[in-house]
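One-letter residues, chain by chain:
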Amino acid sequence: MNEMSPLARPRQRKPDWIRVKVPGGTAFGETKAMMRRLNLNTVCEEAACPNIGECWTKKHATVMILGDTCTRACAFCNVKTGMPRAVDPLEPQHTADAAAELGLEHIVITSVDRDDLPDGGASQFVKVIEALRRTTPNTTIEILTPDFRNKTQAAVESIVAARPDVYNHNLETVPRLYPTIRPGARYYASLRLLESVKRHDPSIFTKSGVMLGLGEERLEVHQVMDDMRSAEIDFLTMGQYLQPTPRHAKVMDFVTPAVFDAYAAIARAKGFLLVASSPLTRSSYHAGDDFARLRAAREAKLAQR
């Protein structure tokens, strides 16, 4: 029996455990107004994150640099695709100003793919990190980068030299599904990127995430965990894939909270310092709290030696 393509399944109704409150309230509105005033994009909005109501009400937001237009067209992602505009030279300082205004102890910076740029946009990540260090020196910095296709080594070296506290790059799914879900990327290239971060600076925490519900098999997920641990990735996030629009890849399965818990137990046994695994887990969801736990886990591990 042939498996149905993830692009051809009828849309499923969300189960109760995946439902979230409609965003709103004073703090939510203030966060949105500030982002517009500083001309900043957020992955919270562009990727239609289900946690935006909770996070923005707490004045937590993930800034998406290098514009709002991606040069890739991944089947799971809601960020618009096309020819991006010129890089905004004010974006690094505006990002730092937003962190200061929000009083962030921890900030997550991500970006669109910019295959049109000679360095894939790596220099803008460096400028943002430098602006944050100048403006809010006590804010810990987590970056979530693209794969910098064909420019990986130089891009990683420049960003690692700027010393973010956490370097995140998501594998997104199992290798078998890359041709349909993440056609512009290569699974092993993404693994090597994360491996190279650790090779250049072992003190930087590395992090990666996968989406479940795209048709992956259990043993394939276990293999991804093993691959991540071979690359010395510290922190694994696992969340439910949600179809943002009818033209995107369909949800093959709504994975139950119990299955997410079982995956988390297996991941911990494989040696990750930290695991976040639930239907609503996203790369930057509760990132500040998770960073504190990540640091504590490393200290506890070092104390045992």
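Residues numbered from 1 in each chain as written. Predicted model: local features only at pLDDT ≥ 70, side-chain atom pairs only at ≥ 80, totals over all residues. Heavy atoms only, no water.

What exactly am I supposed to notice about the nonpolar core here?
Within soluble globular proteins, side chains that are nonpolar tend to cluster in buried spots. In this structure, Ile109, Ile159, Tyr167 and Met238 are the most contacted members of the largest nonpolar core, which totals 77 residues. Per-element accounting of this core gives the leading share, seven residues, to helix 5 (residues 122–135). What Ile109 contacts, discounting residues up to four positions off in sequence, is Val63, Ile65, Thr95, Phe125, Val128, Leu132, Glu142, Ile143 and Leu144. Val166, Phe205, Phe235 and Phe291 belong to the second largest nonpolar core, which has eight residues in total. (Core = buried A, V, L, I, M, F, W, Y, C linked by side-chain atoms within 4.5 Å. Buried < 20%, exposed > 50% of the residue type's maximum accessible area, 1.4 Å probe, protein only. Helix = DSSP H or I, 4+ residues; strand = E, 2+ residues; numbered from the N terminus. Contact = heavy atoms within 4.5 Å.)

Please explain the environment of Thr140 as it appears in this structure.
Mapping Thr140 onto the fold places it in strand 6 (residues 140–144). Its relative accessible area of 12% is what places Thr140 among the buried residues. The contact partners of Thr140, leaving out residues within four places of it in the chain, are Glu105, His106, Ile107, Asp165, Phe291 and Arg295. Side chain to side chain, Thr140 and His106 meet in a polar contact 2.7 Å long. (Polar contact = N/O pair within 3.5 Å; in protein donor to acceptor, adjacent residues only side chain to side chain.)

Help me out: how do you make sense of the pairing of strand 6 in this one?
Regular strands place side chains that alternate from one sheet face to the opposite one. Burial runs high along strand 6: five of the five residues are buried. Both faces of strand 6 are covered, namely the face carrying Thr140, Glu142 and Leu144 and the face carrying Ile141 and Ile143. Bridge count between strand 5 (residues 106–111) and strand 6: five bridges; the pairing is parallel. Bridge pairing links Ile109 to Ile143 in strand 6. Handedness of the strand 5-helix 5-strand 6 crossover: right-handed. (Pairing = 2+ DSSP bridges. Right-handed = clockwise from strand over helix to strand, strands pointing away.)

Any chance you could explain the environment of Thr81 here in plain terms?
One can find Thr81 in strand 4 (residues 80–81). Residues within four places of Thr81 in sequence aside, it is in contact with Thr69, Cys70, Thr71, Arg72 and Ala73. Polar side-chain contacts of Thr81 include one of 2.8 Å to the backbone oxygen of Arg72.

Please clarify how helix 9 (residues 218–230) should be interpreted in this entry.
Structurally, the α-helix is built with 3.6 residues per turn, so residues lying three or four positions apart point the same way. The terminal C-alpha atoms of helix 9, which comprises 13 residues, lie 19 Å apart, in line with the 18 Å expected from a rise of 1.5 Å per residue. Among the residues of helix 9, those classed as buried are Glu220, Val221, His222, Val224, Met225, Asp227 and Met228. The elements touched by buried residues of helix 9 are helix 8 (187–200), strand 8 (205–212), strand 9 (235–240) and helix 10 (257–269). The first or second residue beyond helix 9 is Glu232, which carries a positive phi of 60°. (Expected span 1.5 Å × (residues − 1).)

Just distances and angles here, no functional claims.
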